[in-house]
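Geometric and topological summary
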Number of protein chains: 2
Amino acid sequence: MPYDPSAFPPFAVTVDLVVLTVRRHDLCALAVRRGEQPFQGRWALPGGFVRPDEDLAQAAARELAEETGLRAHDPAAPAQDNGAHLEQLATYGDPKRDPRMRVVSVAHLALAPDLPAPRAGGDANIARWAPVEELLQQGGYARDGEPVAPLAFDHAQILSDGVERARSKIEYSSLATAFCPPEFTVGELRRVYEAVWGVALDPRNFHRKVTGTPGFLVPTGGTTTRQGGRPAQLFRAGGATLLNPPMLRPEV
Amino acid sequence: MPYDPSAFPPFAVTVDLVVLTVRRHDLCALAVRRGEQPFQGRWALPGGFVRPDEDLAQAAARELAEETGLRAHDPAAPAQDNGAHLEQLATYGDPKRDPRMRVVSVAHLALAPDLPAPRAGGDANIARWAPVEELLQQGGYARDGEPVAPLAFDHAQILSDGVERARSKIEYSSLATAFCPPEFTVGELRRVYEAVWGVALDPRNFHRKVTGTPGFLVPTGGTTTRQGGRPAQLFRAGGATLLNPPMLRPEV
DNA sequence: GATCCTAGTCGTCTCCCTGACGATAAACAC
DNA sequence: GTGTTTATCGTCAGGGAGACGACTAGGATC
């Protein structure tokens, strides 16, 4: 198949975002309500077209900023600078995934600390944080009694893949700190693991593990009592990105 | 940014393949020599345009078959059926990655057992297996004294990412068996790990580990002496895809 | 055929990590 | 003060992994 510059099939390329955060004790994702056909009125992941002059990562960072106001965390940047973690997730290109035209979507995964209610996106869509469990269930009713419709397009698959990526990545990397504010306690970090994995962890063993892993946590000297109970030490994320040995997700 | 069907920027979408195999004691990748500009005469990864009616995975499987004659292994298929393992790797979309036009390439990773010399691809390019170490080195000379030019486009980055994916994935999955023929010995499997990781492993501990991991290996009853020395038991890949506990890559 | 060489397989010992869980500490609400 | 909550330290037993000795069973060599 010799190259013919006039003969390649044109595709639309978009980025879609799986933006995860932990609110109270739930793993939540950012969802926007679609204002147009197809899937009008249904919830979807935020996203948009890649512009002709921008890289995929730039496009994802731009969409993230438009939807949440978060600056993306440069992967090469040191430690926590209050930006969100952003990484490429996977690419979805089924010919029928968008009924209008051939769209290839490069999904990205963003992890952010708990944020105030999302601001309206560039296209003024309604946006909200919803527990991923609720977004992924097929039909049925949400906690508040609202009937639940599946996510638009193949976004349930994308969200599911993003959640699974997050679940496995906090095992062997320090990424769980991306869900925490700049300073956090061991207990807060433990609640992140518990929310993402959906399990209960032993506070004593967890404390021993994370404080004993070199480079994971750096004590700031301060303490806080915002969780109630005995004051807890505050930590910042250490320089380590890969945890060795990893955190172990309890058996099923 | 309201949707305007006539106003999305058109992209070309391709699949590129990182096809890895283990030959003798080296991790090798499939490279093709480019017959045209740009990068004429340079080595590159095999790949091609995605057709208007095919999925990304289909396009990758088609390219793989065209270049190697390998059937792609259906991810949902049971165990080893002599097809290659194929999975999506990552997507590369820098605006300048191809000087001719805006191309987004969805790279895939394929793992295959040692094969005879590659047959000519659909576009009759020269293809060969080359040690990844040689393909990734910047300048200098290969083992046979040939001067080495860097891979075309951003293919060095793609290959590097693919190799890293393979290195980490054989830790916690049974994917290393994808590099082996349908029946293999523990020693052959160990040589796969040694080649991919570039380390030496203790044969006794390795043997204990892989034969003790449930679902990893199934004895076929046969033995072979093709490696010399005492005859070794033959195994097939077991049903397990995730290894728990994982294989541990020795510290650096 | 005796010897060597090669690769495979089984065991043992020690160290360290982990899970289970007791105990104490330091805040707050009554 | 008493109870409640969360944090933090300690102890102990079990298991996995690295280091390494020992034995096995073929082919190659003399």
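What counts, and where the lines are drawn
- Along each chain, the written sequence defines residue order, and numbers are assigned to residues from 1.
- Labels follow written order: the first chain is A, the first ligand is 1, and so on.
- Where totals are concerned, whole chains, interfaces and linings use all residues; where local detail is concerned, this predicted model gives features only for residues with pLDDT of at least 70, and gives and counts side-chain atom pairs only at 80 or more.
- Side-chain descriptors were evaluated using all non-hydrogen atoms of the structure, hydrogens and water having been removed beforehand.
- Helix numbering and strand numbering both begin at the N terminus, where a helix is a DSSP run of H or I of at least 4 residues and a strand a DSSP run of E of at least 2.
- For every residue, the accessible area obtained with a 1.4 Å probe (protein chains only) is divided by the maximum for its type, and the residue is called buried under 20%, exposed over 50%, and partly exposed between those limits.
- Should any heavy atoms of two residues lie within 4.5 Å, those residues are counted as being in contact.
- Neighbouring residues are identified by heavy atoms, a residue being near a molecule or strand if any of them is within 4 Å of it.
- What qualifies as a polar contact is a pair of N or O atoms within 3.5 Å, subject to a donor-acceptor requirement within protein and to the restriction that residues adjacent in sequence count only when both atoms come from side chains.
- Charged means Asp, Glu, Lys or Arg here, nonpolar means Ala, Val, Leu, Ile, Met, Phe, Trp, Tyr, Cys or Pro, and polar covers whatever is left, Gly included.
- For helices, the fitted line uses only the C-alpha atoms of the stretch in contact; every axis is such a line through C-alpha atoms, and the angle between N-to-C directions lies from 0 to 180 degrees.
- Whether a crossing is left-handed or right-handed is set by the direction in which the near helix is turned from the far one by less than a right angle, anticlockwise for left-handed and clockwise for right-handed.
- Under the pairing criterion, centres of Phe, Tyr and Trp rings, with the six-membered ring standing for Trp, must be within 6.5 Å; the plane angle then separates stacked pairs below 30 degrees from edge-to-face pairs above 60, leaving the rest tilted.
- Think of it as a cone above the ring: NZ of Lys or CZ of Arg counts as a charge over the ring if it is within 6 Å of the ring centre and within 35 degrees of the ring normal.
- Helix span, expected: 1.5 Å multiplied by one less than the number of residues in the helix.
- Accessible surface is computed with a 1.4 Å probe, and the buried area is the amount of it that two parts give up when combined, taken over both parts together.
- Residues reaching a pLDDT of at least 70 in both copies supply the C-alpha atoms on which the copies are superposed by least squares.
- At least two bridges found by DSSP between two strands are what make those strands a pair.
- Angular relationships are summarised with four words: roughly parallel below 35 degrees, roughly antiparallel beyond 145, roughly perpendicular across 65 to 115, and oblique for the angles in between.
- A domain assignment, automatic or from a database, supplies the domain bounds used here.
- Salt bridge, as used here, is a side-chain nitrogen of Lys or Arg placed within 4 Å of a carboxyl oxygen of Asp or Glu.
- Disulfides are defined in this document as cysteine sulfur pairs within 2.5 Å.

What follows deals with the overall build of chain A. For chain A, the count of helices and strands is five helices and nine strands. Per-residue burial over chain A gives 50% buried out of 252 residues. Relative to all contacts within chain A whose residues are 6 or more apart in sequence, the contacts with residues 24 or more apart total 65%.

Right, let's talk about the protein's contact with DNA strand C for a bit. Arg204(A), Arg208(A), Arg204(B), Gly229(B) and Arg230(B) are the nearest of the 24 residues found near DNA strand C. Near-protein atoms of DNA strand C (within 4 Å) split between backbone and bases, with sugar and phosphate holding 51%. His207(B) is positioned such that a nitrogen or oxygen atom in its side chain is 3.1 Å from a phosphate oxygen of DNA strand C. In the environment of DNA strand C, a base oxygen lies 3.2 Å from a nitrogen or oxygen atom belonging to the side chain of Arg208(B). Listing elements by their share of the surface near DNA strand C, those giving two or more residues are helix H5 (203–212) of chain A together with helix H4 (186–197), helix H5 (203–212) and strand S9 (232–237) of chain B. With four residues, the top contributor of residues to the surface near DNA strand C is H5(A). Of the residues that constitute the surface near DNA strand C, the class distribution is six nonpolar, eight polar and ten charged.

Take the packing of helix H3 (residues 155–172) of chain A against helix H4 (residues 186–197) of chain A next. Between two packed helices, the angle of one axis relative to the other and the distance separating the axes together describe the packing. All names here are of chain A. As a packed pair, H3 and H4 sit with axes 9 Å apart at the nearest point and diverge in direction by 145°. Like other packed secondary-structure pairs, H3 and H4 cross with a definite hand, here left-handed. In this structure, H3 contributes Ala166, Arg167, Ile170 and Glu171 to the contact, and H4 contributes Tyr193, Val196 and Trp197.

Enumeration over the complete set of coordinates arrives at eight aromatic pairs over all chains. A connected cluster of aromatic rings, assembled from ring pairs, spans Tyr193(A), Trp197(A) and Phe206(A). When the ring centre of Trp43(B) is taken as reference, the NZ or CZ atom of Arg128(B) above it lies at 4.5 Å.

A word on the protein's contact with DNA strand D. Of all residues adjacent to DNA strand D, which total 24 residues, the nearest are Arg204(A), Gln233(A), Arg204(B), Arg208(B) and Arg230(B). Protein-proximal atoms of DNA strand D, defined as those within 4 Å of the protein, fall in sugar or phosphate at a share of 50%. A distance of 2.9 Å separates a base nitrogen of DNA strand D from a polar atom in the side chain of Arg208(B). Elements with a contribution of two residues or more to the surface near DNA strand D: H4, H5 and strand S9 (232–237) of chain A together with H5 of chain B. Broken down by element, the surface near DNA strand D gets its largest block of residues, four residues, from H5(B). Looking at the surface near DNA strand D residue by residue, the classes come out as six nonpolar, eight polar and ten charged.

Turning our attention to helix H1 (residues 56–68) of chain B. All names here are of chain B. Compared with the 18 Å implied by 1.5 Å per residue over 13 residues, the 18 Å span of H1 between its first and last C-alpha is a close match. Here H1 has its buried residues at Leu56, Ala59, Ala60, Arg62, Glu63, Leu64, Glu67 and Thr68. Phi for glycine 69, located one or two positions after H1, is positive at around 80°.

The interface of chain B with chain A comprises 34 residues on the first partner and 34 residues on the second. A combined buried area of about 2,900 Å² lies between chain B and chain A, and 61% of that area is made up of carbon and sulfur atoms. Of all the elements in the fold, those that place two or more residues in the side of chain B that touches chain A are strand S1 (12–23), H1, strand S5 (85–92) and strand S6 (103–111) of chain B. Per-class residue counts for the side of chain B that touches chain A are 18 nonpolar, five polar and eleven charged.

Before going further, it helps to examine the relation of the copies chain B and chain A. The transformation that overlays chain B on chain A combines an axial shift of 0.0 Å with a rotation of 180°, and the residual RMSD is 0.0 Å. In symmetry terms, the pair is related by a two-fold rotation axis. Counting the interface residues of chain B, we find that 100% of their copies in chain A are interface residues as well, pointing to one common contact surface.

Before going further, it helps to spend a moment on the pairing of strand S6 (residues 103–111) of chain A. Side-chain positions along a regular strand alternate between the two faces of the sheet. All names here are of chain A. With nine of its nine residues buried, S6 lies for the most part within the structure. The alternating pattern of S6 places Val103, Ser105, Ala107, Leu109 and Leu111 on one face and Val104, Val106, His108 and Ala110 on the opposite face, and all of these are buried. The pairing of strand S1 (residues 12–23) with S6 spans nine bridges and is classified as parallel. Along S6, the bridge assignment pairs threonine 14 with serine 105. Pairing geometry for strand S5 (residues 85–92) and S6, over seven bridges, is antiparallel. In the sheet register, leucine 86 faces S6, and the bridge partner there is alanine 110.

All names here are of chain A. Where H4 contacts H5, the axes come no closer than 10 Å and their chain directions differ by 105°. Taken as axis vectors, H4 and H5 run roughly perpendicular relative to one another. Contacts between H4 and H5 pair Val186, Leu189, Arg190 and Tyr193 from the former with Pro203, Phe206, His207, Val210 and Thr211 from the latter. The residue makeup of the contact of H4 with H5, split by class, is six nonpolar, two polar and one charged.

Once that is clear, we can look at the domain arrangement of chain A. All names here are of chain A. In terms of domains, chain A is made up of domain 1 (5–171) and domain 2 (175–237). Of the roughly 1,500 Å² buried between domain 1 and domain 2 on both sides combined, carbon and sulfur atoms contribute 71%. At the junction of domain 1 with domain 2, the criterion picks out zero salt bridges. Taken together, the links from domain 1 to domain 2 amount to three residue pairs in polar contact (both at pLDDT 80 or more).

Right, let's talk about the pattern of salt bridges for a bit. Residues and elements named next belong to chain B. Enumeration according to the criterion identifies 31 salt bridges over all chains in this entry. Residue lysine 169 pairs with glutamate 87 through a salt bridge whose shortest N-O separation is 2.6 Å. In this pair, lysine 169 sits in helix H3 (residues 155–172) while glutamate 87 sits in strand S5, placing the two residues 82 residues apart along the sequence. According to the relative accessible area criterion, glutamate 87 is buried, its value standing at 10%. A salt bridge links arginine 97 to aspartate 154; its shortest N-O distance comes to 2.8 Å.

A word on the state of the cysteines. All names here are of chain B. As enumerated under the stated definition, the model contains zero disulfides over all chains in all. Cysteine cysteine 28 shares no disulfide, and the gap to the nearest cysteine sulfur, in cysteine 180, comes to 15 Å. Residue class for cysteine 180 comes out buried when judged on its relative accessible area of 2%.

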